[in-house]
Amino acid sequence: MTIEKIANKYWKEGHPEEIYSNTEMDEMRRKECLCVNCDRKNDKIPYSSCPVAKKIYDICVKHDMAMAITKCGATDEKGDLLYKPFYPVLLERQIASEQNQ
Ligand code: SF4
């Protein structure tokens with residue numbers, strides 16, 4: 001994680017001239033939504049198969065935000081989960097580990 005002090009580009013009277021920002025995430029957000037654990041990032045056009053990711057991305061662009069999605073319960077019109085685990089092997093191990101407890 002890269003937290004840096006940067007110029008406040010929205011500065012106006014009474015506001016700080018500099019703010020802290022996670023510049024690493026800012027850079028990533030310009031290329032993709034931060035649904036970092038979802039395999040939909042590997043679509044030919046990243047996240048093109050997920051309408052929810054498109055909405056998140058549009059909000060980030062509109063409001064100059066960087067948002068990390070760490071949990072997702074987005075479903076399609078049939079109620080099926082859209083989330084596709086990016087690390088299926090790790091997920092299988094985690095599920096097996098939880099079942100053995
Ligand atoms: S299913 Fe969820 S985590 Fe995956 S791309 Fe869509 S919004 Fe992001």
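Predicted, not measured: the structure shown is a model, and the values here were computed from it.

1. A short note on the overall build of the chain
Logical step 1: Scanning the chain from terminus to terminus reveals three helices and two strands.
Logical step 2: Listing each helix as α and each strand as β along the chain from the N terminus yields β-β-α-α-α.
Logical step 3: Taking 2.2 N^0.38 as the reference for a compact globule, 101 residues should give roughly 13 Å; the C-alpha atoms of the chain span a radius of gyration of 17 Å, well beyond that estimate.
Logical step 4: Considered along the principal axes of its C-alpha atoms, the chain spans approximately 55 × 35 × 25 Å.
Logical step 5: Expressed as a percentage of the 101 residues in the chain, the buried residues total 8%.

2. Section: the site of the ligand
Logical step 1: Neighbouring the ligand are the residues Cys35, Cys38, Arg40, Tyr47, Cys50, Val52, Ala53, Ile69, Cys72, Ala74, Leu82 and Tyr83.
Logical step 2: For the shell around the ligand, a count of residues per class yields 11 nonpolar, no polar and one charged.

3. What about the environment of His15?
Logical step 1: Within the secondary structure, His15 is located in the loop between β1 (3-7) and β2 (18-22).
Logical step 2: According to the C-beta neighbour criterion, His15 is exposed, with 9 such atoms within 10 Å.
Logical step 3: Spatially, the C-alpha atoms of His15 and Ser48 are 38 Å apart, while their sequence positions differ by 33 residues.

4. A short note on the domain arrangement of the chain
Logical step 1: For the chain, the assigned domains read domain 1 (1-31) and domain 2 (32-101).
Logical step 2: Computed over C-alpha atoms, the centres of domain 1 and domain 2 are 25 Å apart.

Reading the values: rules and limits
- Residues numbered from 1 in each chain as written.
- Predicted model: local features only at pLDDT ≥ 70, side-chain atom pairs only at ≥ 80, totals over all residues.
- Helix = DSSP H or I, 4+ residues; strand = E, 2+ residues; numbered from the N terminus.
- Rg over C-alpha atoms; globule rule 2.2 N^0.38 Å.
- Buried ≥ 20, exposed ≤ 12 C-beta atoms within 10 Å, placed from the backbone.
- Near = placed C-beta within 6 Å.
- Nonpolar A, V, L, I, M, F, W, Y, C, P; charged D, E, K, R; others polar.
- Domains from an automatic or database assignment.

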